[in-house]
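Commentary on secondary and tertiary structure
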Amino acid sequence: MNTWFTRFAVVREMAPPSTPDSATDISADWVDMGATEDPDDTSNRLHNIAPGGDVIIVLNQSIMCEDFVSWPEPHKDGPSESIRDAPKLDEWLKLVIPETDEGCPATGSIEEEHAGTAQAVGGNEKNDNTTGSTNEMEANINSIAEMSLVAQPTETIPTTAVTIVAPKTLSAAPQGRYQYQVSSADLMAASPVFKTMLSSCGGLDKLRHLDGKIYFVARCVNEKVLCILLKILSHRTGGLPPKVGLSSVAMIAVLASHLECVHAVQFYADRWCGKQEQKFPVAQEVGQIVMMWLCASLVFRREDRFGEAAQVLLRNSKVGSLPSLGLPIEHAINMINYKREETFKEAVGCLFQSRDKYADLEYVCEANKAYSEICASVMEGCIARQIRKMGLFDDRASSEKVTNRSIQDMCVRVADFQVPKWKTYDKRTHKCDFKELKESFLKFHHVKVELKQVVGEESFE
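To start, this report covers the structure provided alongside it. (Residues numbered from 1 in each chain as written. Predicted model: local features only at pLDDT ≥ 70, side-chain atom pairs only at ≥ 80, totals over all residues. Heavy atoms only, no water.)

To continue, consider the packing of aromatic side chains. A full pass over the atoms with the stated rule returns 8 aromatic pairs. Geometrically, the ring pair formed by Tyr-268 and Trp-272 is tilted, given 6.3 Å between the ring centres and 35° between the ring planes. Within this pair, Tyr-268 and its partner Trp-272 are both found in helix 9 (residues 262-279), separated by 4 residues, close to a single helical turn. With relative accessibility at 15%, the residue Tyr-268 sits in the buried group. Trp-272 gets classed as buried once you look at its relative accessible area, which sits at 1%. Here Phe-441 and Phe-444 contribute two aromatic rings whose centre-to-centre distance is 5.1 Å and whose plane-to-plane angle is 80°, an arrangement assigned as edge-to-face. On the criterion of helical spacing, the pair formed by Phe-441 and Phe-444 is a turn pair, its members being 3 residues apart in helix 16 (residues 435-445). For the pair Phe-441 and Phe-444, a shared accessibility class is recorded, and that class is buried. A connected cluster of aromatic rings, assembled from ring pairs, spans Phe-267, Tyr-268 and Trp-272. (Phe/Tyr/Trp six-rings, centres within 6.5 Å; stacked < 30°, edge-to-face > 60°. Helix = DSSP H or I, 4+ residues; strand = E, 2+ residues; numbered from the N terminus. Buried < 20%, exposed > 50% of the residue type's maximum accessible area, 1.4 Å probe, protein only.)

Following this line, the structure appears as structure tokens:
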């Protein structure tokens, strides 16, 4: 008991100092028992996930989870050149195929044709024309230094050939700061993508290096996130962290989507997402947090959280077309962009329809028919002025193409519409207002895209 407690205390002491959840993305309570390094050591770190495994995944540099994708904060004027997309599958994971110094697979061998004739060639010393050649051949056979020797033909010795192919040198196995040892059988069983990659060269044996291992090179990922994913795929889940930050969940969602192994991660993702949803609501400003929530909720089918994130993008986006940032959300982003464009056009249409109502020469004031002309002039002028204040144009078609105005902003502006107070000849205040227009804009505030619309009913279930 004392020994166990002492070892546990040592592990806790070696672990990096814990930090608040806002500063760290992977739970500080998680100690990777499979890692063989001191946190302050700069040497290679081996995550021995599957002892004796035949696959080594090498990662040269770990990145922060927040740097996986980049969106300028705060989001005011739409995307800029500082946006960075998430890497694609062939950009963050590559299979290293062993090559020789000549750039071909390692098939070096020693082949001998008519090997039994070597003694006959060496025993023939009567022919002066072949003595030097035979002695040279004996030396080369013993040392295996030459690629080929051909005996000179004579009347008593038939034409023979001895071909010796020197073994070719394999390219060196890749090295990196972080290494993960896993099993090819586990990877192929959990991921169709891994199965395709490991079967691409006609078998595992053709992918092995001199040490018998198969190598992958990873980049642009976080060391601990990759370790978590590989532990799940290898069914070594005893040391997984109880909680994972939003950016880590989003990165896991992207990697799992690329490897087509979401089903293997789903159970743990539900737990991690549930804890994040309790602590961090979806931000109301378009930015990196909303995009990460959209990605995680779409991949792991979190219906309520997806609806909230999609609604924020719909109402608050000021760009003509939202980018997908290289995340596996392209279909959802396309649907959000389409829905936003249609909603924006409909909202602009409501404004101009209301203006045209008062511009109609046949307009009749509902409050007092006798003042229809004055009422129409006041109301039409007020709406036209508000339209220009919103950055729209007098032309409806041109206003529908405005991209620097959000639907939420239009709803707020319309809600603040005020009619100038004026009195009739009998000293009564005229009662016409924009109540009908304001009520028609309420539906735009609640516009949304549901998860089932993106993935379909069958896929969702």
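Here helix 8 (residues 246-259) crosses helix 10 (residues 288-299) at 50°, and the two axes come no closer than 9 Å. As judged from the angle between their axes, helix 8 and helix 10 are oblique. Regarding helix 8 and helix 10, the two cross each other, and that crossing is left-handed. Between helix 8 and helix 10, the contacting residues are Leu-246, Ser-247, Val-249, Ala-250, Ala-253 and Val-254 on the first element and Ile-289, Met-292, Trp-293, Cys-295, Ala-296 and Val-299 on the second. (Axes fitted to C-alpha atoms, helices over the stretch in contact; angles between N-to-C directions. Parallel < 35°, antiparallel > 145°, perpendicular 65-115°, else oblique. Left-handed = near helix turned anticlockwise from the far one by under 90°. Contact = heavy atoms within 4.5 Å.)

Packing of helix 10 against helix 11 (residues 303-316) brings their axes to within 8 Å, and their N-to-C directions diverge by 145°. Crossing angle aside, the handedness with which helix 10 passes helix 11 is left-handed. Only Arg-305, Phe-306, Ala-309, Ala-310, Val-312 and Leu-313 of helix 11 make contact with helix 10, whose side of the interface consists of Val-290, Met-291, Trp-293, Leu-294, Ser-297 and Leu-298. Tallied by class, the residues present in the contact of helix 10 with helix 11 amount to 10 nonpolar, 1 polar and 1 charged. (Nonpolar A, V, L, I, M, F, W, Y, C, P; charged D, E, K, R; others polar.)

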